[in-house]
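Summary of the model geometry
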Amino acid sequence: QVQLVESGGGLVQSGGSLRLSCAASGITFSISTMGWYRQAPGKQRELVATITRSGRSNYADSVKGRFTISRDNAKNTVYLQMNNLKPEDTAVYYCNVILLIGTTYWGQGTQVTVSS
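Here we summarise the structure given alongside this text. (Residues numbered from 1 in each chain as written. Predicted model: local features only at pLDDT ≥ 70, side-chain atom pairs only at ≥ 80, totals over all residues. Heavy atoms only, no water.)

The next subject is the side chain of Asn96. Residue position: Asn96 is located in strand β9 (residues 91-99). Among residues more than four places away in sequence, those in contact with Asn96 are Thr33, Met34, Gly35, Tyr37, Thr104, Tyr105 and Trp106. (Helix = DSSP H or I, 4+ residues; strand = E, 2+ residues; numbered from the N terminus. Contact = heavy atoms within 4.5 Å.)

Written as structure tokens, this is what we have:
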């Protein structure tokens, strides 16, 4: 059974930092792209950052220069280092994994709250 276990969310003051982790287990095929999405109350889920197996990353304009995505292929784990957090970053953050065969998995979400 595939599981994506997220950790690292919490409450932080504006300007602070958090590091999210997402470990994928039970996956028998190679992972292609890993990423993070977020959903704020009353808004649609949006892309935050993605990273390919070769390490090529892509970021939403709103987080460029503040967030860094990385991954450990040996551990099937993706990370999101979030610096200089702003109140508008408050959301539930979801891990996303896409396999080479095209199957997509989502984590259960972790809450990030940034106070002003």
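The rest of the description comes next.
With that settled, consider the packing of aromatic side chains. With the rule as written, the count across this model stands at 1 aromatic pair. Look at Tyr37 and Trp106: their rings are 5.1 Å apart centre to centre, the planes differ by 70°, and that puts the pair in the edge-to-face class. A residue pair is termed long-range when its members are at least 10 positions apart, and Tyr37 in strand β4 (residues 31-39) and Trp106 in strand β10 (residues 104-106) qualify at 69 residues. Across the ring face of Tyr79, the terminal group of Arg19 is positioned such that the distance to the ring centre comes to 4.2 Å. Over the aromatic face of Trp106 sits the side chain of Arg45, whose NZ or CZ is 4.6 Å from the ring centroid. (Phe/Tyr/Trp six-rings, centres within 6.5 Å; stacked < 30°, edge-to-face > 60°. Lys NZ or Arg CZ within 6 Å of the ring centre and 35° of its normal.)

What follows is about the sheet that holds strand β1 (residues 3-7). Read across the open sheet, the 4 strands follow the order β1-β3-β8-β7; overall the sheet is antiparallel. Strands with a single pairing partner mark the edges of an open sheet, and in this sheet they are β1 and β7 (67-72). Averaged over all pairs of adjacent strands, the angle between strand axes in this sheet comes to 15°, irrespective of strand direction. The sheet contact formed by β7 and strand β8 (residues 77-82) spans 6 bridges and is antiparallel. By the bridge assignment for β8, Phe67 is matched with Met82. (Pairing = 2+ DSSP bridges. Axes fitted to C-alpha atoms, helices over the stretch in contact; angles between N-to-C directions.)

This brings us to the nonpolar core. Ranked by size, the top nonpolar core spans 30 residues in total, and within it Trp36, Leu80, Met82 and Tyr93 carry the most contacts. Elements supplying a minimum of two residues to this core: β3 (18-25), β4, β5 (46-51), β7, β8, β9 and β11 (110-115). If one sorts the elements of this core by residue count, β9 sits on top with 5 residues. Those residues within four positions of Met82 in sequence are excluded, and the remaining contacts are Gly16, Ser17, Leu18, Leu20, Arg66, Phe67, Tyr93 and Val112. (Core = buried A, V, L, I, M, F, W, Y, C linked by side-chain atoms within 4.5 Å. Buried < 20%, exposed > 50% of the residue type's maximum accessible area, 1.4 Å probe, protein only.)

Let us look at the state of the cysteines. Using the criterion set out here, one finds 1 disulfide in the structure. The residue that forms a disulfide with Cys22 is Cys95, at a sulfur-sulfur distance of 2.1 Å. Its S-S torsion of approximately -80° makes the covalent link between Cys22 and Cys95 left-handed. Residue Cys22 is found in strand β3, and its partner Cys95 is found in strand β9; the two are separated by 73 residues along the sequence. The two residues Cys22 and Cys95 agree in class, both being buried. (Disulfide = S-S within 2.5 Å.)

Right, let's talk about the pairing of β1 for a bit. Alternating positions in β1 separate cleanly, Leu4 and Glu6 being buried on one face and Gln3, Val5 and Ser7 remaining unburied on the opposite face. Pairing between β1 and β3: 5 bridges, direction antiparallel. Bridge assignment links Glu6 to a residue of β3, and that residue is Cys22.

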